[in-house]
Amino acid sequence: MKIKKYTGSTTHEAMLKLKRELGSDAVVLNTKTVKPKGIFGFLKKSVVEITAAYEEKNMILPTSNINYDNKLNHINNELSELKILMESISKKVAYDEASDLFKLKPFHDILVTNGVDYNISSKILEEINQQINIQNKDETTIKNIIRYNLMEYLGYPKSLSIDENQKVIFFVGPTGVGKTTTLAKIAAKLVLENKYKIGLITCDTYRISAVDQLKTYSDILELPLEIAYNQEDMMKSLACFKDKDIILVDTAGRNHKDVDQREDLKKIIETANKKEIYLVLSAATELKTLNSIVNNYSFIEDFKIIFTKVDETETYGNLFNIRYITKKELSYITTGQNVPDDIEVLDKKVIVEKLIGENEDDRSSR
């Protein structure tokens, strides 16, 4: 497998050179505009560079159909890997000196260092570059522009939405993220407000200690607790709590990839009419796993996101990444095990400062 580059003043000219030498069997991996290198390169006109992959003819010896197919599959796999590699390389050179994005490179590096996904950071800065002329802006101004955009991407995190009608609040998510403790923190804050009649329901009957854990909190907070093993029990529990303003439901933290378990959860959620659903995620979980979890809870039409264990993560990037990917509203974050403390509505200004650094005006005002 060989890789070769061709340049021309236009794409057509570069492509003609490629076809003249390699023929029509070559595979185009990447096309980009580049500035000529050298001291006086900035005075010269940009050229089009095409990167192509090709196979030397004597490499394929079709002695039999089986051998030919095997070699062809091997070559196709190599081509796919090369294409992925070239796409990755082209993304990483997008911030070279010839690029309009060059002034944004330091901020791109900061965002990635602070946990923002490489591709997400690139997309955001590309959008900023397309919308705003940054070439005549100083570093402080560019930083502020990025901060404003990050703030907008984070949306408007909110706490529980409570009105005069009864509302059932479901806490869903994988095992080990702290759903029960998070529910207890919110329940405790509501009790302290002394405005609402509250009931607790646990559907987490798969862990031996789960019911006992919530029972301990219900005793301390002096709140009634019902246990629901299935959809029928859930309907009975809701009937018992018909006089309550708010019902908080702790669901089982089982394997999010299990189809049958998802169907059980879906049936329990569908039991309630006026409801609010919170997907509880750990901030200490890697992005690939978070994506898998979110995708496997996509059967739920609408939910907000709570991030737990924020105190256990080195960066806040995944809070931003998941908001950007899902477009779902963010809500609470938790920073420890203390009940009712260690929980608050996400402050997007704090998050942005963790991602890009403090505003110069903020520091000078101290």
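- Looking at an unreviewed UniProt entry, one finds the protein chain named Flagellar biosynthesis protein FlhF and attributed to Tissierella simiarum.
- As its UniProt record puts it under Subcellular location (unreviewed entry), the protein chain is described as follows: "Cell membrane".

1. Observations regarding the overall build of the protein chain
Link 1 in the chain: Per the secondary structure count, the protein chain includes 13 helices and eleven strands.
Link 2 in the chain: Counting only residues that meet the buried cut, the protein chain has 43% of its 366 residues in that class.
Link 3 in the chain: Within the protein chain, residue pairs in contact and separated by at least 24 positions form 74% of the contacts whose partners lie at least 6 positions apart.
Link 4 in the chain: Carbon and sulfur atoms make up 49% of the accessible area of the protein chain, which totals about 20100 Å².

2. Structural notes on the nonpolar core
Link 1 in the chain: Core analysis: the largest hydrophobic core is formed by 56 residues, its most contacted members being Phe170 and Phe307.
Link 2 in the chain: In terms of residue count, the dominant contributor to this core is helix α5 (residues 139–154) (five residues).
Link 3 in the chain: Discounting residues that sit within four places of it in the chain, phenylalanine 170 has contacts with Met234, Val249, Thr251, Ile268, Ile269, Ala272, Lys275, Glu276, Ile277 and Tyr278.
Link 4 in the chain: By size, the runner-up hydrophobic cluster in this structure holds 22 residues, among which are Ala188, Leu221, Ile246 and Ile343.

3. Concerning a negative patch on the surface
Link 1 in the chain: Among the surface-exposed residues, Glu263, Glu270, Glu301 and Asp302 lie close enough to one another that they form a single negatively charged patch.
Link 2 in the chain: The topology assignment puts aspartate 302 in the loop between α10 (287–296) and β9 (304–308).

4. Some words on the packing of aromatic side chains
Link 1 in the chain: Tallied over the full model, the rule gives six aromatic pairs.
Link 2 in the chain: Here tyrosine 278 and tyrosine 332 contribute two aromatic rings whose centre-to-centre distance is 6.4 Å and whose plane-to-plane angle is 50 degrees, an arrangement assigned as tilted. Of this pair, tyrosine 278 sits in strand β8 (residues 275–282) while tyrosine 332 sits in strand β10 (residues 330–334), and the two are 54 residues apart along the sequence.
Link 3 in the chain: Ring-pair connections join several aromatic residues into one group, and the members of that group are Tyr153, Phe320 and Tyr324.
Link 4 in the chain: Between lysine 328 and the ring centre of phenylalanine 303, over which it is positioned, the NZ or CZ distance is 4.9 Å.
Link 5 in the chain: Positioned over the ring face of tyrosine 156 is lysine 348, at 4.0 Å from the centre of the ring.

5. Digging into the sheet that holds β8
The strands making up a sheet associate through hydrogen bonds between their backbones, and the pairing can be parallel or antiparallel.
Link 1 in the chain: Strands sit in the order β6-β5-β7-β4-β8-β9-β10-β11 across an open sheet of eight strands; the sheet is mixed. Strands with a single pairing partner mark the edges of an open sheet, and in this sheet they are β6 (225–227) and β11 (343–345). Strand-to-strand, the axes of this sheet are offset by a mean angle of 25 degrees, without reference to chain direction.
Link 2 in the chain: Pairing of strand β4 (residues 167–172) with strand β7 (residues 246–250) involves five bridges; the strand directions are parallel. Counterpart to lysine 167 in the pairing with β7 is isoleucine 246.

6. Let's talk about helix α4 (residues 118–131)
An α-helical turn contains 3.6 residues, so any two residues separated by three or four positions project in the same direction.
Link 1 in the chain: Its 14 residues give α4 an end-to-end C-alpha distance of 20 Å, which sits within 8% of 20 Å, the value for a rise of 1.5 Å per residue.
Link 2 in the chain: The complete set of buried residues in α4 reads Ile120, Ser121, Ser122, Ile124, Leu125, Ile128 and Asn129.
Link 3 in the chain: Looking at the buried positions of α4, the neighbouring elements they touch are α3 (105–113), α5 and α11 (317–326).

Rules of the game
- Residues numbered from 1 in each chain as written.
- Predicted model: local features only at pLDDT ≥ 70, side-chain atom pairs only at ≥ 80, totals over all residues.
- Heavy atoms only, no water.
- UniProt positions renumbered as here; feature names shortened; annotations may be inferred.
- Helix = DSSP H or I, 4+ residues; strand = E, 2+ residues; numbered from the N terminus.
- Buried < 20%, exposed > 50% of the residue type's maximum accessible area, 1.4 Å probe, protein only.
- Contact = heavy atoms within 4.5 Å.
- Areas by Shrake-Rupley, 256 points an atom, 1.4 Å probe, with all protein chains shown as cover.
- Core = buried A, V, L, I, M, F, W, Y, C linked by side-chain atoms within 4.5 Å.
- Patch = residues over 30% accessible without salt bridge, like charges linked within 9 Å, V, L, I, M, F, W, Y side chains within 5 Å.
- Salt bridge = Lys/Arg side-chain N within 4 Å of Asp/Glu carboxyl O.
- Lys, Arg positive; Asp, Glu negative; His and termini not counted.
- Charge placed at Lys NZ, Arg CZ, Asp CG, Glu CD.
- Phe/Tyr/Trp six-rings, centres within 6.5 Å; stacked < 30°, edge-to-face > 60°.
- Lys NZ or Arg CZ within 6 Å of the ring centre and 35° of its normal.
- Pairing = 2+ DSSP bridges.
- Axes fitted to C-alpha atoms, helices over the stretch in contact; angles between N-to-C directions.
- Expected span 1.5 Å × (residues − 1).

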